[in-house]
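Breakdown of the fold
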Amino acid sequence: QKGLGFLIMPNGFKVFEEMEMAQKVQKLGMPIFRALLLDEKGKVKTIQNMESCYSIGRPTCIKLLQENLGYENIHFEMELVDLQEKNQRIHQLEFSNGHKICPDMIIASDGMNSRIRRRLFPQHKTKLVGESEIVSVIHSPELCKSLKHSFVKYICPRNGFNMGIIPIGGDELGGKFIGVVGEY
């Protein structure tokens with residue numbers, strides 16, 4: 001249940017619209033209007049405009065889902081062992097602790113080696129990119145403000161190190177946080 005934050009891209013934002021939570025994401029998250037890709041010397045290589053893209057802290061997003069979908073409907077630390085389908089829809093999930101649920105929707109956040117994705121989309125091939133991430137969060141209202149709703153990523157192909165800075169948004173105390181993602 002802990003973690004940093006992430007970008008909600010347009011396809012993810014549509015899911016929040018379907019769940020009638022889009023306005024809450026807009027209030028709690030931070031709109032990201034553009035992505036800047038910079039070279040190792042800080043020179044802009046690419047500017048990409050973003051639409052319906054928001055950054056949000058993971059704990060904030062989890063709380064939003066729990067409050068709107070019900071705490072009893074959000075499950076953590078459960079290993080999926082069986083997924084049953086009926087009429088091309090997920091009918092039932094069974095977990096290693098014996099718990100079974102019949103969900104209307106699944107938001108799977110079980111990582112790169114997702115068992116749910118493998119089961120639902122067996123033809124999907126995961127492509128390794130040869131990079132790992134180091135992620136941290138810092139509290140810096142000044143830096144957050146200076147980014148002006150932009151995701152900034154420094155790219156250095158020479159040594160394979162990339163680093164991104166994402167303004168995540170406010171917490172309950174009104175502070176702003178920055179997600180720092182480094183790939184190597």
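What you see is a predicted model, and the numbers here were worked out from it, not measured in a lab.

A count of helical and extended segments in the protein gives 5 helices and 12 strands. In the protein, buried positions account for 33% of the 184 residues. Sequence-distant contacts, at least 24 apart, represent 53% of the contacts inside the protein between residues at least 6 apart.

Another point: the sheet that holds strand β1 (residues 5–8). Across the sheet, which stays open at both edges, the 3 strands sit in the order β1-β5-β2 with antiparallel pairing between neighbours. Lying at the two open borders of the sheet, with one neighbouring strand each, are β1 and β2 (30–31). Sheet analysis places β1 next to strand β5 (residues 54–57), joined by 4 bridges and oriented antiparallel. By the bridge assignment, F6 is partnered in β5 with I56. Helix α3 (residues 58–69) rests against β1 and β5 of the sheet, and its axis sits at about 90° to β5.

In this model, α3 (12 residues) spans 16 Å end to end at C-alpha, consistent with the 16 Å of a helix rising 1.5 Å per residue. Where α3 is buried, its residues touch β1, α1 (10–18), α2 (22–28) and β5. G70 occupies a position one or two residues after α3 and carries a positive phi of about 100°.

In this structure the tally under the stated criterion is 1 aromatic pair. Arranged with centres 5.1 Å apart and planes meeting at 25°, the rings of F13 and Y54 form a pair that is stacked. In this pair, F13 is assigned in helix α1 and Y54 in strand β5, connecting sequence segments 41 residues apart.

Assignment of secondary structure puts G42 in the loop between β3 (34–39) and β4 (44–49). For G42 and I155, which are 113 residues apart along the polypeptide, the C-alpha to C-alpha distance reads 9.0 Å.

Structurally, S55 is set in strand β5. Of the polar contacts made by the side chain of S55, one reaches the backbone oxygen of P167; its length is 2.3 Å. For S55, the contacting residues outside a window of four places in its chain are F6, L7, G29, M30, I32, I166, P167 and I168.

Once that is clear, we can look at the environment of G29. Position of G29 relative to the elements: it lies in the loop between α2 and β2. Overall, the relative accessible area of 11% leaves G29 in the buried class. For the pair G29 and G57, spaced 28 residues apart in the sequence, the C-alpha separation amounts to 7.5 Å. Other than its neighbours up to four places away in sequence, G29 contacts K24, S55, I56 and I168.

The rules we used
- Residues numbered from 1 in each chain as written.
- Predicted model: local features only at pLDDT ≥ 70, side-chain atom pairs only at ≥ 80, totals over all residues.
- Heavy atoms only, no water.
- Helix = DSSP H or I, 4+ residues; strand = E, 2+ residues; numbered from the N terminus.
- Buried < 20%, exposed > 50% of the residue type's maximum accessible area, 1.4 Å probe, protein only.
- Contact = heavy atoms within 4.5 Å.
- Pairing = 2+ DSSP bridges.
- Axes fitted to C-alpha atoms, helices over the stretch in contact; angles between N-to-C directions.
- Expected span 1.5 Å × (residues − 1).
- Phe/Tyr/Trp six-rings, centres within 6.5 Å; stacked < 30°, edge-to-face > 60°.
- Polar contact = N/O pair within 3.5 Å; in protein donor to acceptor, adjacent residues only side chain to side chain.

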